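Architecture at a glance
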Amino acid sequence: MQALRWAVLLLAVVSALAFLVLAVLAYDQQFFELDHAAHDLVRAAPYPELKPLMQALSRIGSGYVLIPLCVVAMFAGAFALFALTKWIVARPRPKLSPYGFPSAHTFGAVVFFGGVIYLLWTLEMRPIWRWLGTAGLLVLILGVAVSRLYLRSHWVSDVLGGLAGGTAYLLIFLLAIDPRLRPTR
């Protein structure tokens with residue numbers, strides 16, 4: 001259990017640092033070439049049959065779905081963190097609308113669905129259901145992230161920032177509420 005505690009703490013610190021680095025680089029417009037290359041790659045293969053799926057995944061990661069879920073799950077701090085970061089970085093999106101970094105859809109999906117993954121691993125259930133649930137929720141998180149690129153709502157660096165920031169927030173939150181995850185002295 002001690003190794004798990006340190007692993008969670010290390011992953012939280014690494015995710016938080018990755019989020020901060022991505023935020024600074026996005027603020028300084030350092031991802032311009034990477035963002036446009038990823039944007040061009042996604043746009044090079046438009047499959048019209050994928051659009052309804054991508055729109056549905058994007059809706060799952062939207063504030064209309066995640067904010068009520070996050071409030072119920074008491075994740076209001078996640079909203080405050082990504083809203084503050086969006087305000088500080090103030091980076092435009094691909095369609096030039098404001099407040100691109102980080103992707104709040106991706107950030108929120110990581111926090112909420114990652115929290116559900118945490119619950120799967122703390123509840124008594126058959127391992128197969130735990131693994132299937134985890135895999136399905138990870139695919140859902142990645143689906144929300146990809147949908148933001150596919151729909152031209154965010155740059156890849158915005159989505160990476162959402163993944164890193166959401167992971168850092170979730171792990172720090174879990175370290176704060178679950179004494180089993182805290183390193184012992």
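Residues numbered from 1 in each chain as written. Predicted model: local features only at pLDDT ≥ 70, side-chain atom pairs only at ≥ 80, totals over all residues. Heavy atoms only, no water.

Roughly 530 Å³ of volume is contained in the largest pocket. Along its surface, the largest pocket is lined by 20 residues, and Gly114, Ile117, Tyr118, Leu171 and Leu174 are the ones closest to its centre. Elements supplying a minimum of two residues to the lining of the largest pocket: helix H1 (2-27), helix H6 (104-122), helix H7 (127-150) and helix H8 (156-177). Residue contributions to the lining of the largest pocket peak at six residues, all from H6. For the lining of the largest pocket, the class distribution of residues is 15 nonpolar, three polar and two charged. Taken as a whole, the second largest pocket encloses approximately 240 Å³ of empty space. In terms of lining, the second largest pocket is formed by 14 residues, of which the most central are Phe19, Leu20, Ala23, Leu81 and Thr85. Secondary-structure elements contributing two or more residues to the lining of the second largest pocket are H1, helix H5 (76-89) and H8. By residue number, the principal contributor to the lining of the second largest pocket is H1, which donates six residues. Across the lining of the second largest pocket, the residue classes break down as 12 nonpolar, two polar and no charged. (1 Å grid on protein atoms, 1.4 Å probe; cavity = no way out; pocket = protein on both sides within 12 Å on 5 of 7 lines; lining within 4 Å. Points joined across faces, edges and corners; volume = space filled by probe spheres on them. Helix = DSSP H or I, 4+ residues; strand = E, 2+ residues; numbered from the N terminus. Nonpolar A, V, L, I, M, F, W, Y, C, P; charged D, E, K, R; others polar.)

All right, on to the packing of helix H3 (residues 51-60) against H7 then. Relative placement of two packed helices is described by the angle separating their axes and the distance separating the axes. Across the interface, H3 lies against H7 with an axial gap of 8 Å and an inter-helix angle of 115°. Relative to H7, the element H3 lies roughly perpendicular. Crossing of H3 against H7: the hand is left-handed. Contacts between H3 and H7 involve Lys51, Met54, Leu57, Ser58 and Ile60 on the former and, on the latter, Leu140, Gly143, Val144, Val146, Ser147, Arg148 and Tyr150. Within the contact of H3 with H7, the residues separate by chemical class into seven nonpolar, three polar and two charged. (Axes fitted to C-alpha atoms, helices over the stretch in contact; angles between N-to-C directions. Parallel < 35°, antiparallel > 145°, perpendicular 65-115°, else oblique. Left-handed = near helix turned anticlockwise from the far one by under 90°. Contact = heavy atoms within 4.5 Å.)

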